[in-house]
Structures are given as structure tokens and as C-alpha cells.
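Summary of the model geometry
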Amino acid sequence: MVRHFLKLPFVIDVGGVEIKDIGTAFNVKALPQSDSVMVFVTEGVVELTTEMKSLTIHENQSALYIRSTKSLIQLNHVDANVLSYKTKAFSFKAALVKDVVASINAVYGNVIVLSNQQLGNCLITVDFNNESPEVMAMIIAETLGLTYQKTNGVFVLSGQSCLQ
């Protein structure tokens, strides 16, 4: 979380994109192994600048910088889980289970897996607020009529079908 100080301008250079504080609070997600940099403004305004483009984003907006293509994109739809890596809170509405699992794994590491790909196409609506991976696996399993088992530190979701 970055907060604005009037007398001290704040600029971050994240491998090809410059992020300038213009009186705001914002989050930057720039993992070394990722090709993208996500910026989410929680208060105020942020200016992002690359060699080719400049973009201003406001409160409750986000932008994505793709390092490999040097693309800077304003996102019109803000993912409710954009700050999950920080807050450990998730909110899914009629989401594909494979996307739910991917979001959880992006925050906690590879902690939940599906025993078969078909389970990933099930839909689920669920909220988690700082739950452990085991509790999340248990809730997903119970909601969809699946089972879960812990194997080598990973929770495996299994079942023939999900309750729709």
C-alpha cells in the first residue's frame, strides 16, 4: 500500500512502467516470475507511463502492464479479488471452479487441485475472508457435493459431478 505525501513525490519504476503518485493510495502487484504488473487505486489518482503511452487511473480503477509486449491497459471491470493477495479475502459470484482454485493458488501457492478437469467447469458462488486453504477446500467440496483429501500438503477435490 502506497500513501501520498505532499512534499515528497513518489515514483515507482517497475521494469518498463513508471507509476507516479498524484495524491492517492494504491497497490502494485509485480511478481518477478509474472509477465504483468497490476496497479489498483484505492484512493485518488495514479499516472502510469511507459515509453509509448501514459494512462491515468482513478479510485477503484485498475490497470495492467504486460512486460513482454510493453502494453498498458486500463481495466474497465475491476476483479473483486484484485487485493486478495494482501487481504486474503475472496468473493466469487457464479464463478468457474477452475478460476476459484487458480485465484486461491495465486495467493497461497499450489494448495488446491482438481482431480479431473471437468470439475473446473462447475459454477460456484462463495465468499472467503481470511480462511485457511483447508477450510476453503472443505467449503468448495461441501457446496458442490465433492470430497477433498489432503495429499502431500495439497488439498485434492474429487467427485463425479457437481450439484448445479
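Just above sits the structure.
Residues numbered from 1 in each chain as written. Predicted model: local features only at pLDDT ≥ 70, side-chain atom pairs only at ≥ 80, totals over all residues. Heavy atoms only, no water.

A few words on the sheet that holds strand β2 (residues 11–14). Judged by pairing direction, the sheet is antiparallel, and its four strands sit side by side in the order β2-β3-β6-β7 without closing on themselves. Each edge of the open sheet carries a strand with a single partner, namely β2 and β7 (54–58). Shown here is a sheet whose adjacent strand axes are inclined to one another by a mean of 20°, direction ignored. The sheet contact formed by strand β3 (residues 17–21) and strand β6 (residues 45–49) spans four bridges and is antiparallel. Its bridge partner lying in β6, Ile19 is registered against Leu48. (Pairing = 2+ DSSP bridges. Helix = DSSP H or I, 4+ residues; strand = E, 2+ residues; numbered from the N terminus. Axes fitted to C-alpha atoms, helices over the stretch in contact; angles between N-to-C directions.)

So, about the side chain of Asn105. Checked against the element boundaries, Asn105 lands in helix α2 (residues 97–108). The exposure class assigned to Asn105 is buried, which follows from its relative accessible area of 16%. At 3.0 Å, the side chain of Asn105 forms a polar contact with the backbone nitrogen of Val111. The residues contacting Asn105, other than those within four sequence positions of it, are Asn110, Val111 and Ile112. (Buried < 20%, exposed > 50% of the residue type's maximum accessible area, 1.4 Å probe, protein only. Polar contact = N/O pair within 3.5 Å; in protein donor to acceptor, adjacent residues only side chain to side chain. Contact = heavy atoms within 4.5 Å.)

Further remarks concern the pairing of strand β8 (residues 62–66). β8 sits mainly inside the fold: five of its five residues count as buried. Judged by which residues are buried, β8 turns out to be covered on both faces: Ser62, Leu64 and Ile66 on one side and Ala63 and Tyr65 on the other are all buried. Bridge count between strand β5 (residues 36–43) and β8: five bridges; the pairing is antiparallel. In the sheet register, Val37 faces β8, and the bridge partner there is Tyr65. Two elements, β8 and strand β9 (residues 71–75), share five bridges in a ladder whose sense is antiparallel. By the bridge assignment, Tyr65 is partnered in β9 with Leu72. Turn length for the β8-β9 hairpin, with the two strands adjacent in sequence and antiparallel, is four residues, and the turn residue Lys70 shows positive phi of about 55°.

The next point concerns helix α3 (residues 133–144). The end-to-end C-alpha separation of α3 is 17 Å, in line with the 16 Å expected for 12 residues at 1.5 Å each. Considered for burial, the residues of α3 that qualify are Pro133, Met136, Ala137, Ile140, Ala141 and Leu144. Projected onto a plane normal to the axis of α3, the buried residues spread over an arc of 130° and lie on a single side. In this structure, the buried residues of α3 make contact with β10 (89–96), α2, β11 (112–114), β12 (123–129), β13 (147–151) and β14 (154–158). After α3 finishes, the residue Gly145 shows a positive phi value of roughly 70°. (Expected span 1.5 Å × (residues − 1). Arc of directions from axis to C-beta.)

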